[in-house]
Amino acid sequence: MESTTQTGSFWMPPQASTTAAEVDSLFDFIMDLNYIFFAIIFAMTVYFVVKYQKTDENPIATSDLSHNTVWEGLWTFIPLVLCLIVFVWGFRVFLNNTVAPDNAMEINVTAQKWSWSFKYDDGQTTSDLYAPAGQPVKLILKSKDVLHSFYVPDFRIKSDVVPGRYTTVWFEAMKPGDHRIFCTEYCGRQHSGMYRTVHVLSAEDFAKKKSDGFEGRPEGQDPAVWGKQLYSKYGCNACHGLEEGEVKVGPSFYGIYGRKGETADGQSYVANEEYIRESIMEPMAKIVKGYAPAMPSFKDQIGGDQMDAIIAFMKTLK
Ligand code: HEC
Ligand SMILES: [Cu+2]
């Protein structure tokens, strides 16, 4: 995986979307207000501590003022104006980041334990996100299981992904390059494994790659080798190890092909192509004895070639 291609400032990641700069300006304004008020309050605290200190020469030192209308008016009015500025400014930035332009390309995003899948208008799905530069992209997010959160720091976008409802977020990337995607809602033990990449391509490269298939098998590559890549891309590695007898959330893939096993309701099975295919498409159909029914279905993501490649990879594990 390539690293990000733009560099940020000391405090901030690169501003890689059209709305990143306005988010940062507002953030900087709020931070600057904090620094200024911190300095004023701190300086005055020190000043009053010294000025009204009780000493032997002056045992009852204290102010005899009960109130001061001008000062009280100022310290009410100025913060009020500042808060209103932050509110109006913040609301505009919020709207700009929430309402996608009408010409935005739509991509459906599904979160699940513990991977993402991105579905494009031609029906293909990918495990990393591919997007054209210079065009607004609207993401329609949903979750198959628990609460996740979609976060691309370089674009300054973030949205909760909530089971049973759709949320949306949009961005327009300025130039080609790679950016990181994180899940920022703690979603179980492989939460950090939901780390993926947005690949921003020029409009021409995007169109070309899309018609070739974004994540098709590279020409000439052995299906079993590709299958191993898919094993990590689809996050199977979060729940299935490759060592003999290794138990994660699910059983190890070591020696899986042709293995005899028993289901939770006592039927025996042999792990042939058909069984493996069913386990991936309809994980609830047969639950392996001793394991929880914790596997999500990959029905919408794993196509024919990919299924063949995963099975070819499994056959090599012995
Ligand atoms: C969230 C955890 C999780 C993920 C992700 C996951 N699985 Fe599973 N898988 C399980 C569990 C738990 C079982 C055992 C219970 C069952 O049969 O559903 C299982 C069972 C299986 C079985 C049957 C194993 C046997 O010994 O009979 C196969 C095959 C399988 N998974 C393939 C995959 C593939 C391929 C992927 C990735 C595309 C994947 N799984 C992703 C949790 C997961
Ligand atoms: Cu998550």
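What you are looking at is a predicted structure, and each value in this text was computed from that prediction instead of being measured.

J.: Can you help me understand the overall build of the chain in this one?
T.: Scanning the chain for helices and strands turns up six helices and twelve strands. The globule rule puts the C-alpha radius of gyration for 318 residues at 20 Å, and the 28 Å found for the chain is more than 25% above it. Taken along the three principal axes of its C-alpha coordinates, the chain extends 95 × 50 × 35 Å. Counting over 318 residues, the chain shows a buried share of 38%. Summed over its atoms, the accessible surface of the chain is roughly 18500 Å², and 59% of this surface lies on carbon and sulfur atoms. Computing the positive centroid from 30 side-chain charges and the negative centroid from 38, the chain places the two 6 Å apart.

J.: Hey, could you run me through the coordination of the iron atom of ligand 1 in this one?
T.: Tetrahedral coordination by four donors puts the ideal angle at the metal at 109.5 degrees, and octahedral coordination by six puts it at 90 or 180 degrees. Taken together, the protein ligands of the iron atom of ligand 1 are His-240 (NE2) and Met-295 (SD), with distances of 2.0 to 2.1 Å. Here the iron atom of ligand 1 is ringed by six donor atoms whose angles at the metal span 88 to 178°, and the overall shape comes out octahedral. With His-240 in the loop between α4 (223-233) and β11 (260-262) and Met-295 in the loop between α5 (273-281) and α6 (304-315), this residue pair connects regions lying 55 residues apart in the sequence. Residue His-240 is classed as buried on the basis of its relative accessible area, which comes to 11%.

J.: How should unusual backbone geometry be read in this particular structure?
T.: Negative phi characterises most residues that are not glycine, and trans characterises most peptide bonds. Here Lys-113 and Trp-114 are connected by a cis peptide whose omega angle stands at -5°. Within the fold, Trp-114 resides in the loop between β1 (105-112) and β2 (115-119). Of note in the backbone geometry, Arg-156 takes a positive phi value of approximately 55° without being a glycine. Its location among the elements puts Arg-156 in the loop between β6 (148-152) and β7 (157-161).

J.: Would you mind going over the pattern of salt bridges with me for this structure?
T.: Between side chains of opposite charge, pairing is possible as soon as their charged atoms come close. Throughout the structure, instances matching the rule amount to ten salt bridges. Here Lys-138 ties to Glu-106 by a salt bridge, and the two come within 4.0 Å at their closest N and O atoms. Residue Lys-138 is found in strand β5 (residues 136-143), and its partner Glu-106 is found in strand β1; the two are separated by 32 residues along the sequence. With a relative accessible area of 45%, Glu-106 lands in the partly exposed category. Its salt-bridge partner being Glu-274, residue Arg-277 comes within 3.6 Å of it at the nearest N-O pair. Of this pair, Arg-277 and Glu-274 are both found in helix α5, three residues apart, which corresponds to roughly one turn of the helix.

J.: Just to check I follow, could you spell out the site of ligand 1 for this structure?
T.: Taken together, the neighbourhood of ligand 1 is formed by 29 residues, with Cys-236, Cys-239, His-240, Tyr-275 and Met-295 sitting nearest. Pro-283 is positioned with one of its backbone polar atoms (N or O) 3.5 Å from an oxygen atom of ligand 1. Taking Val-288, its main chain carries an N or O atom lying 3.0 Å from an oxygen atom of ligand 1. The dominant element in the shell around ligand 1, judged by the number of residues it contributes, is α5, at three residues.

J.: Could you clarify how one ought to interpret the domain arrangement of the chain in this entry?
T.: When the parts of a complex come together, some accessible area is lost, and that lost area is often taken as the interface size. As far as domains go, the chain holds domain 1 (1-215) and domain 2 (223-315). Measuring from the centre of the C-alpha atoms in domain 1 to the corresponding centre in domain 2 gives 38 Å. Facing twelve residues of domain 1, the contacting portion of domain 2 comprises 15 residues. Counting each side, the surface lost to burial between domain 1 and domain 2 is near 1200 Å², with a carbon and sulfur contribution of 44%.

J.: Where do I start with the pairing of β1 in this structure?
T.: Consecutive residues of a regular strand have side chains that alternate between opposite faces of the sheet. For β1, a buried count of six out of eight residues is recorded, marking the element as mostly surrounded by other parts of the structure. Examined bridge by bridge, β1 and β5 share seven bridges and lie parallel to one another. From the neighbouring strand, Ala-111 faces β5, where its bridge partner is Ser-143. Examined bridge by bridge, β1 and β2 share five bridges and lie antiparallel to one another.

J.: Got a minute to help me understand the side chain of Asp-154 in this structure?
T.: Topologically, Asp-154 is positioned in the loop between β6 and β7. For the buried Asp-154, no salt bridge exists, and the shortest N-O distance to an oppositely charged side chain is 5.1 Å, to Arg-156.

J.: Help me understand the coordination of the copper ion (ligand 2), please; the structure alone is not making it clear to me.
T.: The copper ion (ligand 2) binds to the protein through His-148 (ND1), Cys-183 (SG), Cys-187 (SG) and Met-194 (SD); the donor distances cover 2.0 to 2.4 Å. Relative to the metal, the four donor atoms surrounding the copper ion (ligand 2) lie at angles of 94 to 125°, and the coordination shape comes out tetrahedral.

Criteria and cut-off values
Residues numbered from 1 in each chain as written. Chains lettered and ligands numbered in written order. Predicted model: local features only at pLDDT ≥ 70, side-chain atom pairs only at ≥ 80, totals over all residues. Heavy atoms only, no water. Helix = DSSP H or I, 4+ residues; strand = E, 2+ residues; numbered from the N terminus. Rg over C-alpha atoms; globule rule 2.2 N^0.38 Å. Buried < 20%, exposed > 50% of the residue type's maximum accessible area, 1.4 Å probe, protein only. Areas by Shrake-Rupley, 256 points an atom, 1.4 Å probe, with all protein chains shown as cover. Lys, Arg positive; Asp, Glu negative; His and termini not counted. Charge placed at Lys NZ, Arg CZ, Asp CG, Glu CD. Donors = N, O, S within 2.8 Å, 3.2 Å for Na, K, Ca; no water. Tetrahedral: all angles 85-135°; square planar, octahedral: opposite > 155°, others 65-115°. Salt bridge = Lys/Arg side-chain N within 4 Å of Asp/Glu carboxyl O. Near = heavy atom within 4 Å. Polar contact = N/O pair within 3.5 Å; in protein donor to acceptor, adjacent residues only side chain to side chain. Domains from an automatic or database assignment. Contact = heavy atoms within 4.5 Å. Buried area = accessible area lost by both parts, 1.4 Å probe. Pairing = 2+ DSSP bridges.

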